[in-house]
Amino acid sequence: MASLLEPPFLSNHQLFSTTHHSFQPQKAIIPFYYYVPFSRSSTACSLGLCAAGGNVDSPTLPPPVTVVSEEGVQDYKVSLERSKDRRKVVKLAWEKLVRWSRYWRSKAKTDVLERTNKVVVLGGGSFGTAMAAHVAHRKAELEVKMLVRDPEVCQSINESHYNCKYFPEHKLPDNVTATTDAKAALLRADFCFHAVPVQFSSSFLEGIADYVDPGLPFISLSKGLELNTLRMMSQIIPRALKNSRQPYVVLSGPSFALELMNKLPTAMVVASKEKKMANSVQQLLASRNLRINTSSDVTGVEIAGALKNVLAIAAGIVEGLNLGNNSMAALVSQGCSEIRWLATKMGAKSTTLTGLSGTGDIMLTCFVNLSRNRSVGVRLGSGEKLDDILNSMNQVAEGVSTAGAVIALAQKYKVKMPVLTAVARIIDSELTPAKAVYELMNLPQVEEV
């Protein structure tokens, strides 16, 4: 914009119209006019020249100059020094962590892996197969024998090194073989991974008990509670083998079999009442892509692993009903509280429930589509019948059978578990998902505990 010393411009930037009394087209002399640019600043502006009929271009003004006081300069220098100090602190902290890690890695024992010659995996499902592959990769000379019941799967593993049913696109290491003969599988085994679903474990173990060495360590990969007896795997295995002193370790944590097969970074926890046994399994399994923590809280690890499957069904129902993120967060938070209430009543440590086998496993199972139990919940929330869902699956969703056992445990220990009870009612076809949500939202308003 400009303020002219002569009459204002027209819209076409001419100084005068053809009807103006001063218009003189016969003259070739082009007059010039002075204009003063408007400026909001207090700095002086120079005059500009504009030819008649010409455009008025905004003058090029010098860039604004920021005046910084001495105090501002000092503050900037202090801020810069603080930033350098912070970066230095972070760098030193990281270097200290790396030195600490290298020191302990140099002290780590490897004798367990070195003296282990044979490992047996009971069960040819997805997680059993993934664990067999992982252990086999730890040592090329290690014999890894899978005990499977399906002759077709057995033949596929031995002839082509693929589990045709669960991992048809993932080749297994050459030192993984399979058999349907329990005696041959267990002969001279140093460790035994139990990957049979919980509800079938008792009968299965009773059938092979005669071939199990009394000192053979059992590492349970199965998560859940036996429906009729409410027993955990730490109770099922010794009872079925008729050996109360059978060495026992439970392995749990946020781990999908597919990602373990793809050697993606994973962290799990092994728990045993015998610290030496937990450390031995840690040595056997820990690798560049699998971190293994140890714990003595067998009850906490097992109960968290069992109950999170039921909670995952509830999370899937929320997803299937399209109830949104607020509902999902509220439900999972409530479910975590219910798991904590029951687990601590049963003797679990609260720290276990906030670790890998608790919060870690809950987050993975409730929020990721690879979860079988979550998938069951999504389909229930979408209106499908439970029988149709289960008949279409080739893997076991332990949360379905565990739900009833969880509620029986809650009654035994006098713990109120609204969310997990609602899941059990839905599975028993005594409550619709929509009705369950209505009832849960209308529970009395309470103080947070």
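Residues numbered from 1 in each chain as written. Predicted model: local features only at pLDDT ≥ 70, side-chain atom pairs only at ≥ 80, totals over all residues. Heavy atoms only, no water.

- For the protein chain, the name recorded in an unreviewed UniProt entry is Glycerol-3-phosphate dehydrogenase [NAD(+)], with Abeliophyllum distichum as its organism.
- Word for word, the UniProt comment on the protein chain under Catalytic activity (unreviewed entry) is "sn-glycerol 3-phosphate + NAD(+) = dihydroxyacetone phosphate + NADH + H(+)". (UniProt positions renumbered as here; feature names shortened; annotations may be inferred.)

### So, the state of the cysteines
Note: disulfide means a covalent bond formed between the sulfur atoms of two cysteine side chains.
So, point 1. Per the stated rule, a full pass over the model turns up 0 disulfides.
So, point 2. Free cysteine Cys366: the closest other cysteine sulfur is in Cys336, separated by 6.9 Å.
So, point 3. Classification of Cys366 by relative accessible area gives buried; the value is 0%. (Disulfide = S-S within 2.5 Å. Buried < 20%, exposed > 50% of the residue type's maximum accessible area, 1.4 Å probe, protein only.)

### Concerning the pairing of strand β7 (residues 191-194)
So, point 1. Of the two faces of β7, both are covered, the one formed by Phe191 and Phe193 as well as the one formed by Cys192 and His194.
So, point 2. Sheet topology places strand β4 (residues 118-122) next to β7; 4 bridges connect them, and they run parallel. Among the inter-strand pairings, Val121 is bridged to a residue of β7, identified as Phe193.
So, point 3. Bridging between β7 and strand β8 (residues 218-220) involves 3 bridges; their strand directions are parallel. Each bridged residue has a counterpart across the sheet, and for His194 the counterpart in β8 is Ser220.
So, point 4. In this fold, the crossover linking β7 to β8 by way of helix α6 (residues 198-208) has right-handed handedness. (Helix = DSSP H or I, 4+ residues; strand = E, 2+ residues; numbered from the N terminus. Pairing = 2+ DSSP bridges. Right-handed = clockwise from strand over helix to strand, strands pointing away.)

### Observations regarding the pattern of salt bridges
Where side chains of opposite charge bring their charged atoms close, a pairing between them can arise.
So, point 1. Under the definition given, this model contains 8 salt bridges.
So, point 2. Here Glu319 and Arg374 are joined by a salt bridge, their closest N and O atoms 3.5 Å apart. Here the residue Glu319 occupies a position in helix α10 (residues 298-320), and Arg374 occupies one in helix α14 (residues 372-381), the gap between them amounting to 55 residues.
So, point 3. With relative accessibility at 38%, the residue Glu319 sits in the partly exposed group.
So, point 4. Classification of Arg374 by relative accessible area gives buried; the value is 6%. (Salt bridge = Lys/Arg side-chain N within 4 Å of Asp/Glu carboxyl O.)

### Quick word on the pairing of strand β10 (residues 266-271)
So, point 1. For β10, the buried fraction is high: 5 of the 6 residues fall into the buried class.
So, point 2. Pairing of strand β9 (residues 248-252) with β10, which is carried by 3 bridges, proceeds in the antiparallel orientation. The residue bridging Ser252 from the neighbouring strand is Val269, located in β10.
So, point 3. Where β10 lies against strand β11 (residues 290-295), 6 bridges are found, and the strand directions are parallel. Looking at β11, one finds that Val270 is bridged to Thr294.
So, point 4. After leaving β10, the chain enters helix α9 (residues 275-285) and then returns to the sheet as β11, a path that is right-handed.

### Focus: the nonpolar core
Nonpolar side chains in soluble globular proteins tend to be buried together.
So, point 1. Core analysis: the largest hydrophobic core is formed by 47 residues, its most contacted members being Leu225, Leu307, Leu311 and Leu420.
So, point 2. At the level of secondary structure, the elements contributing two or more residues to this core comprise α10, α11 (324-345), α13 (356-367), α14, α15 (386-391), α16 (398-412) and α17 (418-427).
So, point 3. For this core, the element with the most residues is α10, which contributes 12 residues.
So, point 4. Non-local contacts of Leu225, meaning those with residues more than four positions away in its chain, are made with Val198, Gln199, Leu230, Arg231, Met232, Ile303, Ala306, Leu307, Thr402, Ala405, Val406 and Leu409.
So, point 5. By size, the runner-up hydrophobic cluster in this structure holds 41 residues, among which are Val119, Ala136, Ala178 and Ile219. (Core = buried A, V, L, I, M, F, W, Y, C linked by side-chain atoms within 4.5 Å. Contact = heavy atoms within 4.5 Å.)

### Focus on the packing of aromatic side chains
So, point 1. Applying the stated rule across the entire model yields 1 aromatic pair.
So, point 2. Ring plane angle 80° and centroid distance 5.4 Å describe the contact between Tyr103 and Trp104, whose orientation is recorded as edge-to-face. (Phe/Tyr/Trp six-rings, centres within 6.5 Å; stacked < 30°, edge-to-face > 60°.)

### Remarks on the side chain of Ser220
So, point 1. In this fold, Ser220 is placed in strand β8.
So, point 2. Using a relative accessible area of 0% as the deciding quantity, one classes Ser220 as buried.
So, point 3. Within the structure, Ser220 has its side chain in polar contact with the backbone nitrogen of Ser222 (distance 3.4 Å).
So, point 4. Setting aside residues no more than four positions away along its own chain, Ser220 makes contact with His194, Met233, Ile237, Tyr248, Val249, Val250 and Leu251. (Polar contact = N/O pair within 3.5 Å; in protein donor to acceptor, adjacent residues only side chain to side chain.)

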